[in-house]
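Next come the chains, spelled out residue by residue.
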Amino acid sequence: MRCLKSVLFTLDYDSYGKIRYEAEKRSVKIVETQFADKVSVRMALTSGELDHMSAYLNDVSRGMGSILAEGEIWISDKKE
């Protein structure tokens with residue numbers, strides 16, 4: 001088990017595919033995804049991953065995405 005930061009990224013549909021691809025490429029754990037007028041993606045991140053993914057979201061969304069740090073989350077290291 002690892003203790004990671006739980007972060008909620010809210011973005012438009014155009015940016016969703018890009019942020020999801022980047023998360024998968026970097027083996028970042030996507031905990032939950034919700035679709036409404038915008039897409040909300042909850043991720044479990046290390047501090048380094050948070051810095052990178054925040055900068056990446058800001059870039060692909062042209063500053064229109066939002067980031068909410070929610071605290072800590074425990075994630076199993078087992079492959080699903």
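Structure: see above.
This report concerns the structure included in the present document. (Residues numbered from 1 in each chain as written. Predicted model: local features only at pLDDT ≥ 70, side-chain atom pairs only at ≥ 80, totals over all residues. Heavy atoms only, no water.)

**Here's the deal with the nonpolar core**
Counting 14 residues, the largest nonpolar core has Phe9, Leu11, Ile19, Met43, Leu45 and Met53 as the members making the most contacts within it. The set of elements that each furnish at least two residues to this core consists of β1 (2–11), α1 (13–25), β3 (39–45) and α2 (47–60). Counting residues per element, this core draws most heavily on β3, which supplies four residues. For leucine 11, the contacting residues outside a window of four places in its chain are Tyr16, Ile19, Lys38, Val39 and Leu57. (Core = buried A, V, L, I, M, F, W, Y, C linked by side-chain atoms within 4.5 Å. Buried < 20%, exposed > 50% of the residue type's maximum accessible area, 1.4 Å probe, protein only. Helix = DSSP H or I, 4+ residues; strand = E, 2+ residues; numbered from the N terminus. Contact = heavy atoms within 4.5 Å.)

**Points about the packing of α1 against α2**
Remark: α1 packs on α2, axes separated minimally by 10 Å, with the N-to-C direction vectors making an angle of 155°. As the angle between them shows, α1 and α2 are arranged roughly antiparallel. Here the hand of the crossing between α1 and α2 comes out right-handed. In this structure, α1 contributes Ser15, Lys18, Ile19, Glu22 and Ala23 to the contact, and α2 contributes His52, Met53, Tyr56, Leu57 and Val60. (Axes fitted to C-alpha atoms, helices over the stretch in contact; angles between N-to-C directions. Parallel < 35°, antiparallel > 145°, perpendicular 65-115°, else oblique. Left-handed = near helix turned anticlockwise from the far one by under 90°.)

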